[in-house]
There are 2 protein chains.
Amino acid sequence: MSRCLISQKEVQSFIERCMVAVGTKQHHARSLAEVLVEGDHRGHYSHGLNRMDMYVKDIQTGICAKDGEPVIDKESPATALVNGKNLLGPVVGNFCMDLAIKKAKEVGIGWVVAHGSNHYGIAGYYAMQALKENMIGMSFTNTSPLVVPTRGKECTLGTNPLSVAAPSKDGDSFVLDMATSAVALGKVELHERRGDSIPEGWGCDAHGKITADPKQVLNGGGLVPIGGSEATGGYKGYGLGMMVEVFCGILAGAKYSNHVRTWKVTDRVADLGQCFVAINPENFAPGFTTRMADLLAIQRGLEPADPDAPVLTAGDPERANIAKCEKLGGISYHINVVNYMNECAKRVGVSPLLPCDKIIPE
Amino acid sequence: MSRCLISQKEVQSFIERCMVAVGTKQHHARSLAEVLVEGDHRGHYSHGLNRMDMYVKDIQTGICAKDGEPVIDKESPATALVNGKNLLGPVVGNFCMDLAIKKAKEVGIGWVVAHGSNHYGIAGYYAMQALKENMIGMSFTNTSPLVVPTRGKECTLGTNPLSVAAPSKDGDSFVLDMATSAVALGKVELHERRGDSIPEGWGCDAHGKITADPKQVLNGGGLVPIGGSEATGGYKGYGLGMMVEVFCGILAGAKYSNHVRTWKVTDRVADLGQCFVAINPENFAPGFTTRMADLLAIQRGLEPADPDAPVLTAGDPERANIAKCEKLGGISYHINVVNYMNECAKRVGVSPLLPCDKIIPE
């Protein structure tokens, strides 16, 4: 098992050429590639290059729109409702987040929701756009049903992620980017492939019972909300998943709950609902970044329970992954992923991922 | 062990007369009493009459201000920064939530943060004010450090609750009102008094290790964030607790993290930070309450894993408690609570809780 190092620039270019080859507009392809590369760069491989073929397929089959741009249905100085026109998620996401930031510059906050959107990659990408303007950013999306509500045994909510990014000093920041399920489906799949059990509190079986067997979760069961069982506070995670649905599908007039199409089944348009928020700290108490820096320093400075596992703040693991990429001079992918992507490139008639001459041990 | 039934009106009046007796302004006392009665009415006894003596003491000692009203430091059409002037939490909370709703009527959203505030009772009280205007409401507050960050062994965050309320049809609603810790401290105390163990995932000992022994949590340990250990996703709850801190102490320029005074130690002013939000669904897609009703119906209509435990949505347990109070014709308190409160009344020189002629079995 070995990994292949590819420069960030080449991954960006590769995704762009694959997407353009199937008819995506150049600037839409660029937006998508930027989000996916950022996913990998931050170490969230499940939301990066790995998922490119899904987007390629969405454009090829026409289930996702190639032409047009998002439009504003309705707006006020602080809010907007956007029709994503069934375009690629990152096209809709960038449009909405830019709009939210513009409004936050004017009146201190921008709260923008979109219907007619598609998978948009990592939620954190959009929240982090606000950091460039020294603002707090937030982003929420609903997703296909994979989560079983507390006391239930059927999936009626997505992993419904939320992201909140807040600027600190000297380029430092707090970046929370989390699913409202205990874990992502990919983690359960990984344990199943390895033949490992999963911790109690990740998922339940078809009878709604918490299980340590990943097979039970994947075959008729489902993920459970953060907090796990009812006794350990799973109803809170369930409530948070519902909150995301209220901000997304319900507020935007998009699909919601079990009306969202089944995961990986693309028989009809996704019509996802998404929510994007920018908040300008300048409208509140002076000294925001100074306090943020202190807040982060308090947590990071704590004596850890285990000397080998320092106390972190949200965004620190991703920061470490970015530093690793920079040290290596690129993003390292499992060789199987690279081979799979190059088959994909062949099918759509573009050149493969290059250079791939640097093989590093896993 | 028996319980005593007291009319909601009498609880309201009792709290008002105790507070006024120690020098609280009549309308401030009324605001506080309304929040505490609502806490009990909803079944959150830890945030109701039970806590009145804390507020009485805060006014008596002068650690909380009797005179003045909150003032707006800074505002835009959509935002405001409020100085709570160290007044009672509910006085600050009502002022801010009214302001947020006013802004949401004008520009679709109002995002108001306050510094110089105090304990404000249940967070849900403020979020629910928005329901009266068919709006989404949110409320957040920081609190004294009781929660140990993931990987740490020292409390640097409060239970930092968040509340989100959204209107459905015919007076129905979604009301999420939750601490970002796995449970409230009171639940751990209750188990300790009964000599029971606690579920894994509620708290940790002084070494930061998850424990089932409530004594260990209370003696040098602490509560853990929703999700419990790192393996079961506790870092997400920790991130949510930090998010609340960003919206409250950091954005408002109030005390934050371990700078907030120790729980139950009132040697200095609290200077809590709080955040209040109103969002007007009319600024977004038409048909909000119809979709909300469907979303709630989907969850409530699910076949439950256990036929005796129906699937609920956030706010349903509280709704059941309110129905119970209405059926009984009042709120039922443990006789020890009533006796304790009447001693308190005697000390401040007001008449006791009346009538208390209806004793009901527990």
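Procedures and definitions
Residues numbered from 1 in each chain as written. Chains lettered and ligands numbered in written order. Predicted model: local features only at pLDDT ≥ 70, side-chain atom pairs only at ≥ 80, totals over all residues. Heavy atoms only, no water. UniProt positions renumbered as here; feature names shortened; annotations may be inferred. Helix = DSSP H or I, 4+ residues; strand = E, 2+ residues; numbered from the N terminus. Rg over C-alpha atoms; globule rule 2.2 N^0.38 Å. Buried < 20%, exposed > 50% of the residue type's maximum accessible area, 1.4 Å probe, protein only. Contact = heavy atoms within 4.5 Å. Areas by Shrake-Rupley, 256 points an atom, 1.4 Å probe, with all protein chains shown as cover. Lys, Arg positive; Asp, Glu negative; His and termini not counted. Charge placed at Lys NZ, Arg CZ, Asp CG, Glu CD. Least-squares fit on C-alpha atoms with pLDDT ≥ 70 in both. Buried area = accessible area lost by both parts, 1.4 Å probe. Salt bridge = Lys/Arg side-chain N within 4 Å of Asp/Glu carboxyl O. Polar contact = N/O pair within 3.5 Å; in protein donor to acceptor, adjacent residues only side chain to side chain. Nonpolar A, V, L, I, M, F, W, Y, C, P; charged D, E, K, R; others polar. Phe/Tyr/Trp six-rings, centres within 6.5 Å; stacked < 30°, edge-to-face > 60°. Lys NZ or Arg CZ within 6 Å of the ring centre and 35° of its normal. Domains from an automatic or database assignment. pLDDT = per-residue confidence, 0-100. Pairing = 2+ DSSP bridges. Core = buried A, V, L, I, M, F, W, Y, C linked by side-chain atoms within 4.5 Å.

Recorded under Sequence similarities (unreviewed entry), the UniProt text for chain A is reproduced unchanged: "Belongs to the LDH2/MDH2 oxidoreductase family."

**Observations concerning the overall build of chain A**
For chain A, the count of helices and strands is eleven helices and 13 strands. Over its C-alpha trace chain A gives a radius of gyration of 20 Å, about what one expects of a compact globule, namely 21 Å for 362 residues. In terms of principal-axis extent, the alpha carbons of chain A reach across some 55 × 45 × 45 Å. For chain A, buried positions account for 61% of its 362 residues. Across chain A, every contact between residues at least 6 apart in sequence was considered, and the portion connecting residues at least 24 apart equals 66%. Accessible surface computed for chain A: about 13,300 Å², of which carbon and sulfur atoms make up 52%. Taken as two groups, the 36 positive and 39 negative side-chain charges of chain A have centres that lie 3 Å from each other.

**A short note on the relation of the copies chain B and chain A**
Between chain B and chain A, the superposition needs a rotation of 180° and an axial shift of 0.0 Å, giving an RMSD of 0.0 Å. Given the turn and translation reported, the copies of this chain are related as if by a two-fold rotation axis. Taking the C-alpha atom as reference, chain B places Gly227 of chain B closest to the rotation axis, 2.0 Å from it. Counting the interface residues of chain B, we find that 100% of their copies in chain A are interface residues as well, pointing to one common contact surface.

**What to know about the interface of chain B and chain A**
Across the boundary between the two partners, chain B contributes 85 residues, which contact 85 residues of chain A. Taken together, both faces of the contact between chain B and chain A bury some 6,700 Å²; the carbon and sulfur share is 70%. Looking at the side of chain B facing chain A, the largest losses of area belong to Arg151, Lys236 and Phe284 of chain B, adding up to 11% of the total buried there. In this structure, Lys153 of chain A engages Glu303 of chain B in a salt bridge whose closest nitrogen and oxygen atoms are separated by 3.2 Å. Our count for the contact surface shared by chain B and chain A stands at 36 residue pairs in polar contact (both at pLDDT 80 or more). When residues of the side of chain B that touches chain A are assigned to their parent elements, the largest contribution, 14 residues, is made by helix α8 (residues 234–252) of chain B. Among the residues making up the side of chain B that touches chain A, the classes are represented as 52 nonpolar, 21 polar and twelve charged.

**Focus: the environment of Ser31 of chain B**
Residue and element names in this part refer to chain B. With respect to the helices and strands, the residue Ser31 is situated in helix α2 (residues 26–41). Taking the C-alpha atoms as reference points, Ser31 and Ser173, separated by 142 residues in sequence, lie 23 Å from one another. Not counting the four nearest positions on each side in its chain, Ser31 is found in contact with Pro90, Val91 and Asn94.

**Some remarks on the packing of aromatic side chains**
Across all of its chains, the model carries 14 aromatic pairs over all chains by this definition. A ring pair is formed by Trp111 of chain A and Phe247 of chain A, whose centres lie 5.2 Å apart and whose planes are at 90°; its orientation type is edge-to-face. Separated by 136 residues along the polypeptide, Trp111 of chain A in strand β4 (residues 109–117) and Phe247 of chain A in helix α8 (residues 234–252) bring together distant segments of the chain. In this pair, the class of Trp111 of chain A matches that of Phe247 of chain A, namely buried. Here the aromatic cluster, defined as three or more aromatic residues joined through ring pairs, consists of Tyr120, Tyr125, Tyr126 and Phe276 of chain A. One cation-aromatic arrangement involves Arg3 of chain B over Tyr45 of chain B; the distance from NZ or CZ to the ring centre is 5.6 Å.

**Some points on the domain arrangement of chain A**
Residue and element names in this part refer to chain A. If you check the domain split of chain A, you get domain 1 (1–61 + 330–362), domain 2 (66–182 + 227–315) and domain 3 (183–223). Using only C-alpha atoms to locate each centre, domain 2 and domain 3 end up separated by 25 Å. Each partner contributes to the interface: domain 2 provides 13 residues, whereas domain 3 provides 14 residues. Taken together, both faces of the contact between domain 2 and domain 3 bury some 880 Å²; the carbon and sulfur share is 60%. Summed over the shared surface of domain 2 and domain 3, the result is zero salt bridges.

**As for the confidence of the model for chain A**
If pLDDT is low for a region, its predicted coordinates should not be looked at in detail. Residues and elements named next belong to chain A. Taken residue by residue, chain A gives an average pLDDT of 95. The fraction at 70 or more is 98%. By mean pLDDT, the top-scoring element of chain A is strand β11 (residues 272–279) (99), and the lowest-scoring one is strand β13 (residues 359–361) (66). Scoring the predicted complex yields pTM 0.97 and, for the interface, ipTM 0.97.

**Side note on the pairing of strand β6 (residues 162–167) of chain A**
Residue and element names in this part refer to chain A. In terms of burial, β6 is largely enclosed, as six of its six residues are buried. Here β6 shows two buried faces, one formed by Leu162, Val164 and Ala166 and the other by Ser163, Ala165 and Pro167. Looking at chain direction, strand β5 (residues 136–141) and β6 are connected through four bridges and run antiparallel. Residue Ser139 lies in a different strand from β6, and its bridge partner there is Ser163. Bridge count between β6 and strand β7 (residues 173–178): six bridges; the pairing is antiparallel.

**Describing the sheet that holds strand β9 (residues 210–211) of chain A**
Residues and elements named next belong to chain A. On the basis of which strands lie adjacent, the open sheet formed by three strands has the order β9-β8-β10 and antiparallel pairing. Two strands close off the open sheet at either side, each with one partner strand: β9 and β10 (222–223). Bridging between strand β8 (residues 203–204) and β10 involves two bridges; their strand directions are antiparallel. Among the inter-strand pairings, Cys204 is bridged to a residue of β10, identified as Gly222.

**Quick notes on unusual backbone geometry**
In the Ramachandran plot, Lys264 of chain A falls in the positive-phi region, its phi being about 75° despite a non-glycine side chain. Mapped onto the fold, Lys264 of chain A is located in the loop between α8 and β11. Residues other than glycine seldom take positive phi values, yet Asp271 of chain B does so here, at roughly 45°. Judged by its relative accessible area of 16%, Asp271 of chain B is buried.

**Thoughts on the nonpolar core**
Residues Trp111, Phe140 and Phe247 of chain A together with Trp111 and Phe140 of chain B are the most contacted members of the largest nonpolar core, which totals 102 residues. Of all hydrophobic cores here, the second largest spans 56 residues; its members include Leu87, Val112, Ala114 and Ile331 of chain B.

**Considerations on the sheet that holds strand β8 (residues 203–204) of chain B**
Residues and elements named next belong to chain B. Strands sit in the order β9-β8-β10 across an open sheet of three strands; the sheet is antiparallel. This sheet does not close on itself; its edge strands, each paired only once, are β9 (210–211) and β10 (222–223). Pairing geometry for β8 and β9, over two bridges, is antiparallel. Looking at the pairing, Cys204 lines up with Ile210 of β9.

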